[in-house]
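Overview (structure and organization)
The residues making up each chain are set out below.
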Amino acid sequence: MSDESSVGGANGASDDANPYTLQSADDEHHAFWADAVADRVEARVEDQLERGVRDPEEPIVVKGGISPSGVPHLGNVNEIMRGYYVARVLRERGHEVRQVFTADDRDPLRKLPRTLCDLEGNLVDLGDVDAGALGRNLGAPYTDIPDPFGCCDSYGDHFSNIIQDSADAVDVPIELVSNTDLYERGEFEDVTRYVLENRSRAREVLSSYQDKVDADGDYVPFNPICAECGKITETVTSVDLDAGEAGTVDYRCTDMDAGDRTIDGCGHEGAATLREGKLPWRFEWPAQWQILGVDFEPFGKDHAEGSWPSGQDVARNVLGIEPPVPMVYEWFTLDGEPFSSSEGNVILVSDVLELLEPEVLRYFFAKDPSRARDFSIERLDQLVDEFDRFEAIYFGELEGTEDEREFAERVYPLVLEEDAEVREERIRLPYTFAAVLGMFDDPALREEVARKEGHIPENAPEWAVDAALARVERARNWARRTGNEFDYELKRSEIPDHEFDAATTAALSELAEFVATAETIDPEELQGEIYETAKRNDVDVGDFFAAGYRLFFDEEQGPKLGPFLAKVDREFVVDRLRRDR
RNA sequence: GGGCCGGUAGCUCAGUCCGGCAGAGCGUCUGGCUUUUAACCAGACGGUCGCGUGUUCAAAUCGCGCCCGGCCCGCCA
């Protein structure tokens, strides 16, 4: 107690939890990482019960959290989904679990994001909102800044709402908690007071992680909000824990470093209560663990070497609590580039769900968190195919490797929404095929073609057919968004550039004649006639089909031509085959 | 500068904990389905498991040293 030099530093106590290793030597082998994590959470809970420091009635708490600083992109979903799987596994084992998610909305706005989004998820350029009003609020807590869209109580609330929408969209039940709320209701008051009472201890612990903190200096772990200009300030001049209800601090509103720039302070000198400010992140995080009773928290690799080591040290050696079970997840990229709202490289959950089913997205987040991955919109078909295979292996329709079987068996039921039935009769149209089907606007026609091609069984239940056809819309959105080879577009208004030899030209004229004079156009008969016409004119069949795709789509390849042309109005088909228009 | 994570076929990824023939799907190529699109079936091609080294009968896997990408030691999934 008297010898403070024995306090562990960066490489402190031997029981420090390594947030990386999901499987340590003494763990049982699991096909699913969340099972390994759940083992550790259970061990933590049992240990606390044995030591009598835990109420057996209290549920297990899984936490996540982000600053509502702007467009919540797909990377943020890690914070929701990784915790979800652990929560779900623990529930499966009979535990009561709360999944709490903090909106760290008392954090200050440090720089203006170049891209924002409205509540519908439409991306909006900073220039299209009142950027000046935002600029004047640099340094102020998100919840004190007016919503640039005018629809929510504050900037922070605006983006917190979108976080909640994202969780809803992937069917993850989170309890969204506003950090500002916790401060205003006084939930942080006791722990803040405790940290300030023990501020020399706090300084000492933090100083071994941050050079700017001097163990013997005057650093005070509290940032008041300036009563004059509303900004978060960093200079506390004195602490009086006997003043007012729970104590106050005196401050001077000084400049704040924010990356490569400085946010000016107004110079105001005043006093703030412990509810009128915030703890610095390195203390706030452990304080959240204490207030919310957090047992498990996943976090991005950015925290793994900074906040986490200091966080568990602060938890043990300042607050005297046991930090939660940690888990690091690797970041992933979007089409090979880091997520960045300023560069416009963002995608919202709502956008992704216009391209694929929620269970496919949930599957993506069930994969090994320690692996760096690319979420490729361009090659989204690969992810969907991978999911279809995973599902088929679960139902025993594909053999797969032993590892695949083990993983599918364990994880497939978990990627389905919580109360969803596991239904073997489900139908998955191959994604790229679904994209091609998207060129037909008529749902009945889509179904007809899918049936004809053998993708929908004779006696398929109606719900399965509907669900299968729902993929067509999504795959079509994908084809359009990427403008890839599955985005077939009938070139109706203008004939594409083309160059055919005499034989091909003759064959096209013959085919036009057939279409013009037939009583009715039967799709399969037309398909056969294309084949026959090519042969009669000594044209390679493949080349002849290619000529058709050129004329109608300006592509090398396309949908099955006979059935397609049979559905297009006859005059146009005849004219185009004659190259008249 | 110190520390951490990642790197496996053209692409997306398993396999690394626990050493045992280098794997899957997609793509490509060839052939088949006496119809050729999306597919499906059969086969082929495709690898310095980032590089080197040590241990071992045996190394993608374990140790050590490097390279590349990213992250942390300010803030931030």
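Calculation criteria
- Residues numbered from 1 in each chain as written.
- Chains lettered and ligands numbered in written order.
- Predicted model: local features only at pLDDT ≥ 70, side-chain atom pairs only at ≥ 80, totals over all residues.
- Heavy atoms only, no water.
- UniProt positions renumbered as here; feature names shortened; annotations may be inferred.
- Patch = residues over 30% accessible without salt bridge, like charges linked within 9 Å, V, L, I, M, F, W, Y side chains within 5 Å.
- Areas by Shrake-Rupley, 256 points an atom, 1.4 Å probe, with all protein chains shown as cover.
- Salt bridge = Lys/Arg side-chain N within 4 Å of Asp/Glu carboxyl O.
- Lys, Arg positive; Asp, Glu negative; His and termini not counted.
- Charge placed at Lys NZ, Arg CZ, Asp CG, Glu CD.
- Helix = DSSP H or I, 4+ residues; strand = E, 2+ residues; numbered from the N terminus.
- Buried < 20%, exposed > 50% of the residue type's maximum accessible area, 1.4 Å probe, protein only.
- Pairing = 2+ DSSP bridges.
- Right-handed = clockwise from strand over helix to strand, strands pointing away.
- Near = heavy atom within 4 Å.
- Polar contact = N/O pair within 3.5 Å; in protein donor to acceptor, adjacent residues only side chain to side chain.
- Nonpolar A, V, L, I, M, F, W, Y, C, P; charged D, E, K, R; others polar.
- Axes fitted to C-alpha atoms, helices over the stretch in contact; angles between N-to-C directions.
- Parallel < 35°, antiparallel > 145°, perpendicular 65-115°, else oblique.
- Left-handed = near helix turned anticlockwise from the far one by under 90°.
- Contact = heavy atoms within 4.5 Å.

The name recorded for chain A in an unreviewed UniProt entry is Lysine--tRNA ligase, from Natrialba swarupiae. In its Catalytic activity (unreviewed entry) section, UniProt records this for chain A: "tRNA(Lys) + L-lysine + ATP = L-lysyl-tRNA(Lys) + AMP + diphosphate". Per UniProt, the comment on chain A under Sequence similarities (unreviewed entry) is "Belongs to the class-I aminoacyl-tRNA synthetase family."

**Comments concerning a negative patch on the surface**
A cluster of acidic side chains, namely Asp-55, Glu-57, Glu-58 and Glu-96, defines a negative patch on the protein surface. Tracing the chain through its elements places Glu-96 in the loop between helix 2 (77-92) and strand 2 (97-103).

**Overview of the environment of Glu-50**
Tracing the backbone shows Glu-50 in helix 1 (residues 33-50). Taking relative accessible area as the criterion, Glu-50 reaches 68% and is therefore assigned exposed. C-alpha separation for the pair Glu-50 and Phe-433, spaced 383 residues apart in sequence, amounts to 57 Å.

**Some thoughts on the pairing of strand 1 (residues 60-66)**
By the criterion of burial, strand 1 is predominantly enclosed, with 7 of the 7 residues buried. Of the two faces of strand 1, both are covered, the one formed by Ile-60, Val-62, Gly-64 and Ile-66 as well as the one formed by Val-61, Lys-63 and Gly-65. Two elements, strand 1 and strand 2, share 7 bridges in a ladder whose sense is parallel. Residue pairing in the sheet places Val-62 in a bridge with Gln-99 of strand 2. For the crossover that starts at strand 1, traverses helix 2 and ends in the parallel strand 2, the hand is right-handed.

**Examining unusual backbone geometry**
Even without being glycine, Asp-538 reaches a positive phi, approximately 65°. Residue position: Asp-538 is located in the loop between helix 19 (523-536) and helix 20 (541-553). Looking at Asp-538, the relative accessible area reads 74%, which means it is exposed.

**Points about the protein's contact with RNA strand B**
Not every one of the 52 residues close to RNA strand B is listed here, only the nearest: Tyr-329, Arg-371, Tyr-531, Val-541 and Gly-558. Atoms of RNA strand B within 4 Å of the protein belong to the sugar or the phosphate in 66% of instances, the rest to bases. Glu-305 is positioned such that a nitrogen or oxygen atom in its side chain is 2.9 Å from a sugar or linking oxygen of RNA strand B. A distance of 2.8 Å is found between a sugar or linking oxygen of RNA strand B and a side-chain nitrogen or oxygen belonging to Arg-389. Broken down by secondary-structure element, the contributors of at least two residues to the surface near RNA strand B are strand 1, helix 8 (281-292), helix 9 (301-304), strand 16 (373-375), helix 13 (380-394), helix 15 (431-437), helix 19 and helix 20. Of the residues in the surface near RNA strand B, the class split is 17 nonpolar, 18 polar and 17 charged.

**What to know about the packing of helix 7 (residues 199-207) against helix 10 (residues 307-319)**
As a packed pair, helix 7 and helix 10 sit with axes 10 Å apart at the nearest point and diverge in direction by 155°. The angle between helix 7 and helix 10 places the two elements in the roughly antiparallel class. Of the two elements, helix 7 crosses helix 10, and the hand of that crossing is right-handed. Where helix 7 abuts helix 10, its residues Arg-201, Ala-202 and Val-205 lie against Asp-313, Val-314, Asn-317 and Val-318.

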